[in-house]
Amino acid sequence: MNNELRPDPDELLRKIKQEETTKHRGKLKIFFGMCAGVGKTYSMLQAAHAVKLDGNDVVVGYVETHKRKETESLTENLEIIPRKKIEYRGAEFEEMDIDAILQRKPQIVLVDELAHTNITGSRHLKRYQDVMEILERGIDVYTTINVQHIESRSTTVNEITGISIHEKVPDSIIDLATDIELVDISPDDLLKRLAEGKVYIPEKTVQATQNFFRKGNLHALRELSLRITAEKVDSELINYKRNKNIGEVWKTTEKLLVAVGPGPYSAKLIQWTRRMAYNLGAHWFAVNVETGVQLSENEKSNLNKNIQLAERLGATVINIVNADVVEGILQVAHENNVNQIVIGKSLSSNKFQSLWRKNISNRILSESGNIDVFVIKADKSVNSDKKPKIRVHFITSKLNDFIIAFGVVAVLTLICFPITQYVGYQTVGLIYLLTITILSLFLGRSAVVFTAILNSIVLNYFFIPPTFSFHITKDEDLITLAANFVIALVVSILITRIKKYHRVLTINQRHSVIINSLLENLNKATSIKEVVAITRQELQHSFNADAVIYLKEKEGKGLAKRAFGNSEYNLIKDYAVAVWSFNSNEVAGKYTDTLSDSNLQLIPLVTIYGVWGVIGVRFLDNKAPSYDIQRMLKTIYSQVALSIEREINNDKRVESAQNN
């Protein structure tokens, strides 16, 4: 495989969308640390002075110095935006004045303590939401955050320290950052700073060292912060390689990939890869290559189960459409800088097959380049009668295809035999060759190969002199017969391959048409009701499904009982499942392992700003959607969530303008 990746239409579209999204957005730089006291605010202020010396317009939106003299001295010579005073329950509180910052419109604004929860009466519930609005106005932001405040790590921190973390920011904030600077310090140095009163006042220092700031805790928190920073750097490396079309794998960190299919052995490969990834502390991918081959209902069900298993075990699941399985696997491996691939040992014992066709295992071994490959033996505990059928193109024809092929050759022979003396047997050979070409458009490859063999036999016996025998007297006739047979085989292979790639392109095109149509219609929507109506129309038209949507409460954190969409689906038990899905940010309901007795499949509508509601979908044919359908639906749900977020924010702006 070439070191440079071939241009991929989906990847090009992703780049265009990413550039369009970030073109007018400000840049976010995060000063990141394992806990309070490592010097994040101090480092942020130092960086602010450095960029100010370069001529940048820098202001302080909110900085918490905790009365540390060294930190307070760094706020000098920086313009400070006065804080906004808000009264709540008889007391006065100070929060960052986002309107003053937007009106001032500096190049860079400093915003400390990103995970802070704003006082009731503020525009947004969380400070990171204030920051997102500032970024959307094209202003760069420098901010600080500790590892325990990242949502996906808060549970781990709770297990380590025994302290519940209430102030959290979504992981997508880390993904959004254009730069993350780790402010690192050894646990011994931090404890020394703590003892010197540079973190907390003396009264709180003893309590802190006995609880959160125990040395063992600090070592664990430091490791977490280093891992998150490494993940961010790795993500930036992958983006760099994609932008530069670099296909060569750089073994900078351990990454594993396993292919997921409908076979019963996929589950073992997934579990083996998970164990290995855990032992290595490595990220891992589960890849499903959609080749255009029609799967049976049982195979679709097995594929869904295997993919769900990979998701539960923590894999990043990637679906790719490619007519060639090996090419698809290696494409994903190179795009994501994977350096280890896990595959199953070939189940086929057919020696004849190995003479004319390399199996997937051998091809990956020979084409993987500098990627390490682990070949795992099939589990003997799986019964032999449950072995997956090897879908070799050579045997993919149905019995009807062979009957049709035999019938066409028989009819053609009856037609051509009487006219041979007028047109010559060479012309008859061309007619048979043309027939094979036409049949290749409609029949499977094995039936076409059967036709080529049958044509050669018939042509030899009935048309090539001496007739009614298999004896050939002229060398040129032998060459012609052999050439016809070889040409027939080559043509059948090429046309079958074209048909296969056409199916793959059709799948991609269908996906693109559905998503583009939905986006075009959603962009025209001017209300929540229109968004819901467009969503239902697309679900009914493309997926034979219908939906109901619940939105979050305007002034609270819960899910409103009012339903938009098909009111017949607004049942008490389904609403209860929707509430669970909203609170846990997990898919639940029908065709899942959680609260599966629901009539609907409930999916949270999530954007970078949080969960805006839940969509409940009912598939009218009462069949679980295949993985490729689920993949398209995930894209649709994300676009619906963005449209709902847009309309809710528009309503808030209109309401705010009316109140003012």
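Scoring rules and cut-offs
Residues numbered from 1 in each chain as written. Predicted model: local features only at pLDDT ≥ 70, side-chain atom pairs only at ≥ 80, totals over all residues. Heavy atoms only, no water. Pairing = 2+ DSSP bridges. Helix = DSSP H or I, 4+ residues; strand = E, 2+ residues; numbered from the N terminus. Contact = heavy atoms within 4.5 Å. Axes fitted to C-alpha atoms, helices over the stretch in contact; angles between N-to-C directions. Parallel < 35°, antiparallel > 145°, perpendicular 65-115°, else oblique. Nonpolar A, V, L, I, M, F, W, Y, C, P; charged D, E, K, R; others polar. Patch = residues over 30% accessible without salt bridge, like charges linked within 9 Å, V, L, I, M, F, W, Y side chains within 5 Å. Areas by Shrake-Rupley, 256 points an atom, 1.4 Å probe, with all protein chains shown as cover. Salt bridge = Lys/Arg side-chain N within 4 Å of Asp/Glu carboxyl O. Buried < 20%, exposed > 50% of the residue type's maximum accessible area, 1.4 Å probe, protein only.

> Would you take a moment to explain the sheet that holds strand S7 (residues 140-146) for this structure?
The pairing of strands in a sheet comes from backbone hydrogen bonds and takes either a parallel or an antiparallel form. Spatially, S3-S2-S6-S7-S1-S8 is the arrangement adopted by the six strands of the open sheet, whose pairing is parallel. Across the chains shown, the open sheet's two edge strands, defined by having one partner strand only, are strand S3 (79-80) and strand S8 (179-182). The pairing of strand S2 (residues 58-62) with strand S6 (residues 108-111) spans four bridges and is parallel. Within S6, the residue paired with valine 59 across the bridge is valine 109. Its contacts with the sheet place helix H2 (residues 40-53) against strand S1 (28-33), S2, S6, S7 and S8, and it is angled at close to 165° to S7.

> I tried to follow the packing of helix H11 (residues 266-280) against helix H12 (residues 297-312) on my own but got confused; where do I start?
To characterise two packed helices, one gives the angle between the axes of the helices and the distance between these axes. The N-to-C vectors of H11 and H12 enclose an angle of 10°; their axes lie 10 Å apart at closest approach. Between H11 and H12, the crossing angle belongs to the class labelled roughly parallel. Here Ser266, Ala267, Ile270 and Gln271 of H11 come into contact with H12, specifically with Asn306, Leu309 and Ala310. Residues belonging to the contact of H11 with H12 are distributed by class as follows: four nonpolar, three polar and no charged.

> I tried to follow a nonpolar patch on the surface on my own but got confused; where do I start?
A contiguous nonpolar patch, built from Leu434, Ile438, Leu441 and Phe442 and spanning about 440 Å² of accessible area, is present on the exposed surface. Examined against the element boundaries, phenylalanine 442 turns out to sit in the loop between helix H18 (425-440) and helix H19 (445-463).

> How should the pattern of salt bridges be read in this particular structure?
Where charged atoms from two side chains of opposite charge come close, those side chains can pair. Applying the stated criterion across every chain, the model contains 20 salt bridges. Of the charged contacts in the structure, one is a salt bridge between aspartate 179 and lysine 29, with a shortest N-O distance of 3.6 Å. Taken together, the residues aspartate 179 in strand S8 and lysine 29 in strand S1 connect sequence positions 150 residues apart. Since its relative accessible area comes to 32%, aspartate 179 is described here as partly exposed. For lysine 29, a relative accessible area of 15% corresponds to the buried category. Put simply, arginine 363 and aspartate 324 hold a salt bridge, and the shortest N to O gap is 3.1 Å. Linking arginine 363 in helix H15 (residues 360-367) with aspartate 324 in the loop between strand S11 (316-321) and helix H13 (325-335), this pair joins segments that are 39 residues apart in sequence. Sharing partners across several salt bridges, the network here consists of Lys29, Asp179 and Glu181.

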